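# Observations on the model geometry
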Amino acid sequence: MDKFVYQFSEGNKDQKDLLGGKGANLAEMTRLGLPVPPGFIVTTEACRHYLKHDRLPDDLRVQVTMALRRLEDEVGRRLGDSVDPLLVSVRSGAKYSMPGMMETVLNVGLNDFSVKGLIEASGDERFVWDSYRRLIQMFGKTVLGMEGEDFSRVIEAAKQAKGVTSDLELDAQDLRQLVEDFKAVVEEKSGRSFPQDPREQLDLATRAVFESWNTDRARVYRRRERIPEDAGTAVNVCTMVFGNLGETSGTGVCFTRDPSTGKPGVYGDYLVNAQGEDVVSGIRNTLSLDDFAEVDPDSYQSLRTIMRRLETHYRDLCDIEFTVERGKLWMLQTRVGKRTAAAAFRIATQLVDEQLITMDEALERVGGAQLAQLMFPQFDTDAERTRFTQGMAASPGAAVGKVVFDSATAVAWAARGESVVLVRKETNPEDLEGMIAATGILTSRGGKTSHAAVVARGMGKTAVCGAESLDVDEEQQVARADGVTMHEGDVLSVDGSTGEVFVGRLPVVASPVVTYLEEGLEAALVGVDEGTADLIQAVDRLLAHADAVRTMQVRANADTGQDAERARRMGAEGIGLCRTEHMFLGDRRVLIERVILAETAAERADALVALLPPQRADFVELLAAMDGLPTTIRLLDPPLHEFLPDRADLMVKVARAEEQGAASDDDTRLLAAVNRLHESNPMLGLRGVRLGLAVPGLFAGQIRAIAEAAAERVKAGHDPRPEIMVPLVGSLMELHLVRQEATRILAEVAEAEGVDLEIPVGTMIELPRAALTAFRIAEEADFFSFGTNDLTQTTWGFSRDDVEAAFFAAYLEKGVFTVSPFESLDVDGVGRLVDIATREGRGTRPGLKAGVCGEHGGDPDSIHFFHQAGLDYVSCSPFRVPVARLEAGRAVL
Ligand code: PEP
Ligand code: MG
């Protein structure tokens, strides 16, 4: 019989696949002897079985009975009993945290019978009726698919009848009546009565948790967080403890370090006389841990001891949910906590300094995506500003956008390219799509642990929460604070690092981490606050460690001396790709146009000669910026029509001119050339090496410019290291022909200039045929560089310019892939070609240098693959260089 049910005391933290994150950690805390209310876990395997077969596994019923009986014996109380009855919570818990995405039912076990037992045991009639009505409400919503509205309407009516405004003013008798009214609503809306059998409640709640794996919002969240669709959720059945039993009870959430800034010291929110969901939903504003220490010093002390214990055990920031029931502390959940990028870097190095983890472990705990986030610009503190409101700095960043008040508008406006700030009283899981669409989130309620804060931090989205002066009227679509009113469409600037919100658009400035990366540690530390200094030092230490352990080099894709200099400051160890076509943008475009329009060989030769000086000058600059480091210069790659005016525009222009009998010769000739060069599939047409072979003298001129630039630098006593790279090669012969020409020109220039020129000639691998015949191509190639943009395009047969907009959304939706293959390398397909070409290329030419210069060179996941494939370097845009250094280091661990 498969084991589908585990007592808390049977599992441990390493069983997240089977027990879910929450269950595995509850088990771990139980094993540590911490005060966890007893319970059991129904495994993710049972969930997968249910989702596949649409029914619970047969064995499950029996195993739940056994676990339940053991639980009852352990706590000495029975589910549904008329004397001191046991109540349980039924909560979801997948392997990966999905905050608020799935269902929970509390107070399971209450019915018309056990209600009496609980009144006697607790001595608090109001509390018991309130618990019962909460059960019916949650059960109705999650199990019976009713609307929240169905219940809130009844509550409103009850309050109105009594002439009160707050739920707290309803007394035991009112709540008792409410229970009856709720039962009637359930009958009316769902067509069945609220089940009185506690076991039936438990089984239906379990099933509802399983079902909630597939709600729209859970799917959206999984897609966004790249959580596998088939993992399923576990169900945690846990003895209820009550934080709402009066002033000596309460519930809270805490962190062993500040998850927002990484500042050392504990951090948390506490609510007196409340149940768990009240804190996380952010419906009431909370007390700090310091206030909690005043209110209940004993529980606070126990909590601090446990926090330290957990941090020592997990050796990481832990986030904890706890409840105090009449002065007794209970642990309801813990996990290694989510944190912002800044907190990740600071905490990792703090833990090293506290000798709790090694530097390798610290490096494993930060990521390139987080570093990229730290490089985002921030608001300019010197700019004039009008403050709108102030809340808690829930998730850092500088977001500027138009105010919207609901998720649907956020999605619609973002789809038409607008930046929006989603302004809400509080957010709940239904707002998820709006939060994804928004650049920033602002709420008037809730603490740093509210849903909005937790989800925003997870997404790396700027958020300010709990802005108390803010009054959000979602109906009227206005937000007011300190006498200022904002309407839909007005612009706000949200500073998630300070919690401030400003009216209008504030200018942004570079992040201090970028100052550090560009100007060095000393310069970056001048005049910054302690937290920023701490962060910069953490980044510096972790990058240094990554540099020390990594085996792959990191180069930059840069086309100008200026870009190259910046890249070098950011740690680039060479240029992996200089796209020479970028040298012919702007005014210089006509130089290429002249080559294309030349009608005689002499005209073309003249035009080609004119290309030489500007290119040589650019190469000199580039080689100067990269002196002593490899500088890979790629010969012209794009289809030539890209250098000519747009065909449709030109046709209209010429047709109009002809109508008026005034067509110019130049335009007519240009149109003829454009027509001649027009291709249906230009990316598969006359480009890359094909251009070099079809347009005599084009590559030769470029090769000469490179050689002469190098000679000039050598003669001036410098150390230029150019490498010539041929694009879009598919066969050995193509490369052979270009190489032959290169060898001749390089020798000519060396001789004429009187210098030695050792310039390697290599090829890009960006066609499947090149990868599959790499063992041959390597005969003529001094190096390989994978152009994974084109290699992805040609392997999948996806037009890189069209498909993302055309149908990738549908592909992502249908799960064909979880991320665009242009963003993160398709390891199974394109990756296999990279692997084959590297291995077989080196079979022919041992030690063949191989790198990658497609966009994937800066993508964290792809970098790990390239390391595994044995590449010598990755090359990416200058701003990605630090990210790549970090990830190349992490790839080794
Ligand atoms: C590539 O194809 O991956 C590449 C680097 O070349 P480009 O993007 O210029 O086509
Ligand atoms: Mg390419």
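Residues numbered from 1 in each chain as written. Chains lettered and ligands numbered in written order. Predicted model: local features only at pLDDT ≥ 70, side-chain atom pairs only at ≥ 80, totals over all residues.

Below, the discussion takes up the UniProt feature "domain: Pyruvate phosphate dikinase AMP/ATP-binding" (unreviewed entry) in the protein chain. On the UniProt side, "domain: Pyruvate phosphate dikinase AMP/ATP-binding" (unreviewed entry) is annotated at positions that read residues 53-285 and 298-346 here. With 47% helix and 35% strand, residues 298-346 has end C-alpha atoms that lie 31 Å from one another. (UniProt positions renumbered as here; feature names shortened; annotations may be inferred. Helix = DSSP H or I, 4+ residues; strand = E, 2+ residues; numbered from the N terminus.)

Time to look at the sheet that holds strand 30 (residues 849-852). Taken in spatial order, the eight strands of this closed barrel run 24-25-26-27-28-29-30-31, and their pairing is parallel. For this sheet, the mean angle separating the axes of adjacent strands, direction not counted, is 30°. Sheet topology places strand 24 (residues 553-557) next to strand 25 (residues 575-579); two bridges connect them, and they run parallel. From the neighbouring strand, A556 faces strand 25, where its bridge partner is I575. (Pairing = 2+ DSSP bridges. Axes fitted to C-alpha atoms, helices over the stretch in contact; angles between N-to-C directions.)

Attention shifts here to the pairing of strand 7 (residues 267-272). Of all six residues making up strand 7, six are buried, and the element is well covered by its neighbours. Of the two faces of strand 7, the one lined by Y267, D269 and L271 and the one lined by G268, Y270 and V272 are each fully buried. With six bridges connecting them, strand 6 (residues 250-255) and strand 7 associate as antiparallel partners. The residue bridging F255 from the neighbouring strand is Y267, located in strand 7. (Buried ≥ 20, exposed ≤ 12 C-beta atoms within 10 Å, placed from the backbone.)

Time to look at the environment of L623. Within the secondary structure layout, L623 lies in helix 24 (residues 601-625). Assessed through the 27 C-beta atoms surrounding it within 10 Å, L623 is described here as buried. When the C-alpha atoms of L623 and T560 are compared, they prove to be 9.8 Å apart, with 63 residues separating the residues in sequence. The contact partners of L623, leaving out residues within four places of it in the chain, are T631, A709, A710, R713, P720 and P722. (Contact = placed C-beta atoms within 7 Å.)

A separate point is the site of ligand 1. Surveying the vicinity of ligand 1 reveals the residues L577, R579, D637, E766, G787, T788, N789, D790, C853 and G854. Going through the elements one at a time, strand 25 and helix 32 (788-796) are the ones with two or more residues in the shell around ligand 1. Looking at the shell around ligand 1, the element that brings in the most residues is helix 32, giving three residues. Of the residues contributing to the shell around ligand 1, the split by class is two nonpolar, four polar and four charged. (Near = placed C-beta within 6 Å. Nonpolar A, V, L, I, M, F, W, Y, C, P; charged D, E, K, R; others polar.)

The backbone of D84 shows a phi angle near 35°, a positive value even though the residue is not glycine. Within the element layout of this structure, D84 appears in the loop between helix 3 (58-75) and strand 3 (88-94). Look at D84 and you get partly exposed, because 15 C-beta atoms sit within 10 Å.

An ideal rise of 1.5 Å per residue puts 21 Å on 15 residues; helix 34 (residues 830-844) measures up with 21 Å between its terminal C-alpha atoms. Looking only at helix 34, the buried set comprises V830, G831, L833, V834, A837, T838 and G841. For helix 34, the angular spread of buried residues about the axis comes to 160°, placing them on one side. (Expected span 1.5 Å × (residues − 1). Arc of directions from axis to C-beta.)

Between helix 19 (residues 512-519) and helix 21 (residues 530-549), whose axes approach to 10 Å, the crossing angle comes to 45°. One way to sum up the angle between helix 19 and helix 21 is to call them oblique. In the crossing of helix 19 with helix 21, the sense of the turn from one axis to the other is right-handed. Along its contact with helix 19, which presents P512, V513 and Y516, the element helix 21 presents T532, I536, V539 and D540. Within the contact of helix 19 with helix 21, the residues separate by chemical class into five nonpolar, one polar and one charged. (Parallel < 35°, antiparallel > 145°, perpendicular 65-115°, else oblique. Left-handed = near helix turned anticlockwise from the far one by under 90°.)

This part covers the UniProt feature "domain: PEP-utilising enzyme C-terminal" (unreviewed entry) in the protein chain. The sites that carry the UniProt feature "domain: PEP-utilising enzyme C-terminal" (unreviewed entry) are, in the present numbering, residues 539-888. In residues 539-888, helix accounts for 53% and strand for 11%; the two terminal C-alpha atoms are 15 Å from one another.

The next point concerns the nonpolar core. Within the largest apolar cluster, 256 residues are counted, with the highest numbers of intra-cluster contacts made by V539, L542 and V874. Ignoring sequence-local partners within four residues, the contact set of V874 consists of M552, V554, G851, V852, G857, I863, F866, A884 and A888. (Core = buried A, V, L, I, M, F, W, Y, C linked by C-beta atoms within 7 Å.)

The next thing to look at is the pairing of strand 16 (residues 440-443). The side-chain alternation of strand 16 yields two buried faces, one formed by G440 and L442 and the other by I441 and T443. Pairing geometry for strand 15 (residues 420-424) and strand 16, over four bridges, is parallel. Residue R424 lies in a different strand from strand 16, and its bridge partner there is T443. In this fold, the crossover linking strand 15 to strand 16 by way of helix 17 (residues 432-437) has right-handed handedness. Taken together, the three bridges between strand 16 and strand 17 (residues 462-465) define a ladder with parallel strand orientation. Bridging from a neighbouring strand, G440 pairs with T462 of strand 17. (Right-handed = clockwise from strand over helix to strand, strands pointing away.)

Another aspect to go through is the sheet that holds strand 4 (residues 104-108). As summarised here, the arrangement of the five strands in space is 1-2-5-3-4, forming an open sheet in which the pairing is antiparallel. Lying at the two open borders of the sheet, with one neighbouring strand each, are strand 1 (5-7) and strand 4. When the angles between neighbouring strand axes are averaged without regard to direction, this sheet yields 20°. Direction of pairing for strand 2 (residues 39-42) relative to strand 5 (residues 233-239): antiparallel, over a ladder of four bridges. Residue G39 lies in a different strand from strand 5, and its bridge partner there is C238. Lying over the sheet, helix 3 contacts strand 1, strand 2 and strand 5, oriented at roughly 15° with respect to strand 1.

Once that is clear, we can look at the confidence of the model for the protein chain. Per-residue confidence for the protein chain averages 92 on the pLDDT scale, and 98% of its residues sit at or above 70. Interface confidence for the predicted complex, given as ipTM, is 0.99, next to a pTM of 0.84. (pLDDT = per-residue confidence, 0-100.)

Considering the arrangement of structural elements, one finds E518 in helix 19. Judged by local crowding, E518 falls into the partly exposed class, with 15 C-beta atoms found within 10 Å. Measuring from C-alpha to C-alpha, the distance between E518 and T580 comes to 25 Å, with 62 residues separating the pair along the chain. Apart from the residues within four sequence positions on either side, E518 is in contact with R566, R569 and M570.

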